[in-house]
There are 4 protein chains.
Amino acid sequence: MDAALELFAEKGFSATRMADVAKKAGISKGTLYLYFDNKEAIFRSVVQEMILPQVDQHDAMIANYTGSAESLLRELLHGWWQAVMETKLSAIPKLIISESGNFPEMAEFFVKKVVLRSRQTFIKVIQYGIDKGEFKPCNPITAARLAIAPLVHASIWMHSLKAFDENHSDEDYLELHINLLLQGLSS
Amino acid sequence: MDAALELFAEKGFSATRMADVAKKAGISKGTLYLYFDNKEAIFRSVVQEMILPQVDQHDAMIANYTGSAESLLRELLHGWWQAVMETKLSAIPKLIISESGNFPEMAEFFVKKVVLRSRQTFIKVIQYGIDKGEFKPCNPITAARLAIAPLVHASIWMHSLKAFDENHSDEDYLELHINLLLQGLSS
Amino acid sequence: MDAALELFAEKGFSATRMADVAKKAGISKGTLYLYFDNKEAIFRSVVQEMILPQVDQHDAMIANYTGSAESLLRELLHGWWQAVMETKLSAIPKLIISESGNFPEMAEFFVKKVVLRSRQTFIKVIQYGIDKGEFKPCNPITAARLAIAPLVHASIWMHSLKAFDENHSDEDYLELHINLLLQGLSS
Amino acid sequence: MDAALELFAEKGFSATRMADVAKKAGISKGTLYLYFDNKEAIFRSVVQEMILPQVDQHDAMIANYTGSAESLLRELLHGWWQAVMETKLSAIPKLIISESGNFPEMAEFFVKKVVLRSRQTFIKVIQYGIDKGEFKPCNPITAARLAIAPLVHASIWMHSLKAFDENHSDEDYLELHINLLLQGLSS
DNA sequence: TATGAATGAGCCTTCATTCAT
DNA sequence: GATGAATGAAGGCTCATTCAT
């Protein structure tokens, strides 16, 4: 599945050949079919089995946090970054987005199970900040989308155009995003 | 080329069949080959011939603008949005990103001709704001990336997962981004 | 038809494209279809209309000849050589032979109308020589085949491997063939 | 390769479909591609791998022969006939000649490796006969060409027009050729 | 009469999938 | 369980043929 994730993310589903996956995994083509019914099954497994554990873990992380909205938001963003950008999960967003047209159920699954849940967490924190008076009033849904967008975008970039872009610091990127966001939100 | 852009953006290069392109264009398979050498040639044409005019136009738009950094940045972001999100250009970013692994030269072309040039414009405006004291000191490159990221992300989203996401207002999204960004930057 | 003959002889029927024929003839593809029903019709016309006049003319040449069998045979062979090797007819044998598998009726037509008739002429001359005591007894059919074989072979060679063979004199070839043949036949 | 040789010789390269080759070989289309890169590769293999062993064997046959030039020449011609006409090699000359326009390198390879080497053998024998006084002086190159031409021609005929010609004895043909040639050459 | 843009059947080739070993 | 040779459906591309101009 690691081999498949890497290849799917790099070349897309159609352009990835079973022979390539087998070769990268160090097994024979035939052996793939002992563990997966077909190419689509590999794709589904890759997406589902890599995402689900992560989602649960992420939820747990947030569950019973207390403190200022600012520090919570800061924490959340750092947590997301570490969980995604510094693991092989980083390849998933690009993959899902690229194949959303060919695998709409998978796209839907991803949105429902990952995007919306994750966004919900951010919404809660932002609402909490507004309620507390830390943040000025704004639509917390839109704010949540804007809080996450640069992170997701960074993961997509990392697996697509980063090689052709000049090498910029990801740390700067994350930190400046957090600072701009928090100052933007602060009342 | 419109037909091809739509299908490539939806399904990716490999999964798009020449027969589909022909059908969508209302011509026969053979006719495609009167105008393009092969499938790759269509892809390249789609990307290059749709992007280049836009880039030039965009450059012209910015050229001789004066006023406050804030209003300039506001203008720029609105301009980008209109030029991309409200035209068929909106499909290009997702397409390039999805196929970057299979068409690295095209990815490089896009980064050099579009991404970096566009970013440069934003860098200048931000630097101008910093110099004028409107904006607080920060790395203008990173700030430019963060100014654009939510926009590019919105275009990618629009052509991938938007259908599965609840329907949010794009106007709110843009406006809030601009406001958060400007307040974040302001000294 | 000249254009077609040349191309058919060079590349064969299948590998010759209508576009090539049209181009070589200096007309458009569509115009070809004003004069020929289809590709096969061109092929048939090329073969039939180039061969038939020649056959008749050749027959006439022999009709009422008198003299020694040797001089007659010599005459015949020279006549064949001039009529075939020094005109565009030279391409026909290679073409017919190459396409005999795909156009058996044409092959049969050629054998009946050309090969057998031509051979018959040689048979008569050889039989005449045997009867006169100039030539020693032998099977005149086989002898006729052997008299012609090197000539036909030369025409085939000319349109196939000659370019890769060292350049040998065709005149020497013809003269030595005639001399060897006549001394071989002479009693 | 046997299936391919037969079909190529019968229909030519272009007109032979991979499906036909596969069917005749009793395998599937796809399997062909496990053993050959493409159609051309089959063609090249057929020609090269069938010819080379034969050439070496033929050379060996001649190497250390002694005796009269006449009996040697007789031997050579019989040897050639058996090696070519009575094996599937007989299809090669027609094939090479038919495709010489489309595969010039292959034609050149054939001329260099087969035609010229074979001719050289005949040249030596004829020169030997001339030197010994058995044969009268003549150009041994041309004589060699004339010695071989009827044989090659017979192989071409066999795979093209023979079916439409009346059935003549090949033995008579060979024997008469040898006799005419030897009497023609003899001083 | 001449053109050449348009068509679509047909063929080469690829690759997901199967299965005997 | 693991293999890889074999399969054949599918798709890119060519080119003989048509037809509106």
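Before reading further, recall that the structure is shown in the block above.
Attention in this report is confined to the structure presented alongside it. (Residues numbered from 1 in each chain as written. Chains lettered and ligands numbered in written order. Predicted model: local features only at pLDDT ≥ 70, side-chain atom pairs only at ≥ 80, totals over all residues. Heavy atoms only, no water.)

With respect to the overall build of chain A
For step 1, the next point in the chain: When helices and strands are tallied, chain A shows 9 helices and 0 strands.
For step 2, the next point in the chain: Ordered by position from the N terminus, the helices and strands of chain A form the series α-α-α-α-α-α-α-α-α.
For step 3, the next point in the chain: The principal-axis extents of the C-alpha atoms in chain A amount to approximately 60 × 35 × 25 Å.
For step 4, the next point in the chain: Buried residues in chain A amount to 55% of all 187 residues.
For step 5, the next point in the chain: For chain A, long-range pairs separated by at least 24 residues make up 72% of all intrachain contacts whose partners lie at least 6 apart in sequence.
For step 6, the next point in the chain: With an accessible surface of roughly 8,200 Å², chain A has 52% of that area assigned to carbon and sulfur atoms. (Helix = DSSP H or I, 4+ residues; strand = E, 2+ residues; numbered from the N terminus. Buried < 20%, exposed > 50% of the residue type's maximum accessible area, 1.4 Å probe, protein only. Contact = heavy atoms within 4.5 Å. Areas by Shrake-Rupley, 256 points an atom, 1.4 Å probe, with all protein chains shown as cover.)

Side note on the relation of the copies chain C and chain D
For the pair of chain copies, the relating transformation is a rotation about an axis with a translation along it.
For step 1, the next point in the chain: Once turned by 180 degrees and shifted 0.0 Å along the axis, chain C lies on chain D with an RMSD of 0.1 Å. Expressed as an axis order, the relation between the two copies is that of a two-fold axis. Residues of chain C ranked by C-alpha distance from the rotation axis are headed by Gly-184 of chain C, positioned 2.2 Å from it.
For step 2, the next point in the chain: Comparing interface residues between copies, 100% of those in chain C also lie at the interface in chain D; the contact surface is shared. (Least-squares fit on C-alpha atoms with pLDDT ≥ 70 in both.)

Quick word on the interface of chain C and chain D
For step 1, the next point in the chain: Every contact between the two is made by 53 residues of chain C and, on the other side, 53 residues of chain D.
For step 2, the next point in the chain: Where chain C abuts chain D, roughly 4,400 Å² becomes buried across the two surfaces, and 66% of that area is made up of carbon and sulfur atoms.
For step 3, the next point in the chain: When the buried surface of chain C facing chain D is broken down by residue, Leu-146, Phe-164 and Leu-180 of chain C rank first, second and third, together holding 15% of it.
For step 4, the next point in the chain: There are 2 salt bridges connecting chain C and chain D. (Buried area = accessible area lost by both parts, 1.4 Å probe. Salt bridge = Lys/Arg side-chain N within 4 Å of Asp/Glu carboxyl O.)

Brief notes about the relation of the copies chain B and chain A
For step 1, the next point in the chain: Superposition of chain B onto chain A requires a rotation of 180 degrees combined with a translation of 0.0 Å along the rotation axis, giving an RMSD of 0.1 Å.
For step 2, the next point in the chain: Looking at the interface residues of chain B, 100% of them are also at the interface in chain A, so both copies use one shared face.

What to know about the packing of helix α1 (residues 2-11) of chain A against helix α2 (residues 18-25) of chain A
Residues and elements named next belong to chain A.
For step 1, the next point in the chain: Running from N to C, α1 and α2 point in directions that differ by 135 degrees, and their axes come no closer than 9 Å. The angle between α1 and α2 places the two elements in the oblique class. For the pair α1 and α2, the crossing hand works out as right-handed. Within the contact between the two elements, α1 uses Ala-3, Ala-4, Glu-6, Leu-7 and Lys-11 and α2 uses Asp-20, Val-21, Lys-24 and Ala-25. (Axes fitted to C-alpha atoms, helices over the stretch in contact; angles between N-to-C directions. Parallel < 35°, antiparallel > 145°, perpendicular 65-115°, else oblique. Left-handed = near helix turned anticlockwise from the far one by under 90°.)

Concerning the protein's contact with DNA strand E
For step 1, the next point in the chain: Near DNA strand E lie 28 residues; those nearest to it are Met-18 of chain A, Thr-31 and Tyr-35 of chain B together with Thr-31 and Tyr-35 of chain C.
For step 2, the next point in the chain: For DNA strand E, the fraction of atoms within 4 Å of the protein that belong to sugar or phosphate moieties is 69%.
For step 3, the next point in the chain: A distance of 2.9 Å is found between a phosphate oxygen of DNA strand E and a backbone nitrogen or oxygen belonging to Ser-28 of chain B.
For step 4, the next point in the chain: Take Met-18 of chain D: an N or O atom from its main chain is 3.0 Å from a phosphate oxygen of DNA strand E.
For step 5, the next point in the chain: Where the surface near DNA strand E is concerned, the elements lending two or more residues are α3 (29-35) of chain A, α3 (29-35) of chain B, α3 (29-35) of chain C together with α3 (29-35) of chain D.
For step 6, the next point in the chain: Each residue belonging to the surface near DNA strand E can be placed in one class, and the counts come to 10 nonpolar, 10 polar and 8 charged. (Near = heavy atom within 4 Å. Polar contact = N/O pair within 3.5 Å; in protein donor to acceptor, adjacent residues only side chain to side chain. Nonpolar A, V, L, I, M, F, W, Y, C, P; charged D, E, K, R; others polar.)

Looking at the interface of chain B and chain A
For step 1, the next point in the chain: Counting from both sides, the interface comprises 53 residues of chain B and, opposite them, 53 residues of chain A.
For step 2, the next point in the chain: Considering only the surface of chain B that becomes buried against chain A, Leu-146, Phe-164 and Leu-180 of chain B emerge as the three largest contributors, covering 15% of it.
For step 3, the next point in the chain: At the junction of chain B and chain A, the tally comes to 2 salt bridges.
For step 4, the next point in the chain: A salt bridge links Arg-119 of chain B to Asp-165 of chain A; its shortest N-O distance comes to 2.8 Å.
For step 5, the next point in the chain: Connecting chain B to chain A are 14 residue pairs in polar contact (both at pLDDT 80 or more).
For step 6, the next point in the chain: Mapped by element, the contributors of at least two residues to the side of chain B that touches chain A are α1 (2-11), α6 (91-99), α7 (104-132), α8 (140-158) and α9 (170-185) of chain B.
For step 7, the next point in the chain: With 11 residues, the top contributor of residues to the side of chain B that touches chain A is α8 of chain B.
For step 8, the next point in the chain: Residues belonging to the side of chain B that touches chain A are distributed by class as follows: 25 nonpolar, 16 polar and 12 charged.

Some remarks on the protein's contact with DNA strand F
For step 1, the next point in the chain: In the vicinity of DNA strand F, 28 residues are found, and the nearest of them are Thr-31 and Tyr-35 of chain A, Met-18 of chain C together with Thr-31 and Tyr-35 of chain D.
For step 2, the next point in the chain: The contact atoms of DNA strand F, taken as those within 4 Å of the protein, divide so that sugar and phosphate hold 70%.
For step 3, the next point in the chain: Lys-29 of chain C is positioned with one of its side-chain polar atoms (N or O) 3.4 Å from a base oxygen of DNA strand F.
For step 4, the next point in the chain: Ser-28 of chain D places a main-chain nitrogen or oxygen 2.9 Å from a phosphate oxygen of DNA strand F.
For step 5, the next point in the chain: When grouped by side-chain class, the residues that make up the surface near DNA strand F number 10 nonpolar, 10 polar and 8 charged.

Description of the packing of α6 of chain B against α8 of chain B
Residues and elements named next belong to chain B.
For step 1, the next point in the chain: Put simply, α6 and α8 touch, their axes get as near as 7 Å, and they point 85 degrees apart. The angle between the axes of α6 and α8 places the two elements in the roughly perpendicular class. Packed against α6, whose contacting residues are Pro-93, Lys-94 and Ile-97, the element α8 presents Val-152, Ser-155 and Ile-156 at the interface.
For step 2, the next point in the chain: Tallied by class, residues from the contact of α6 with α8 come to 4 nonpolar, 1 polar and 1 charged.

So yeah, pure geometry; function would need other evidence.
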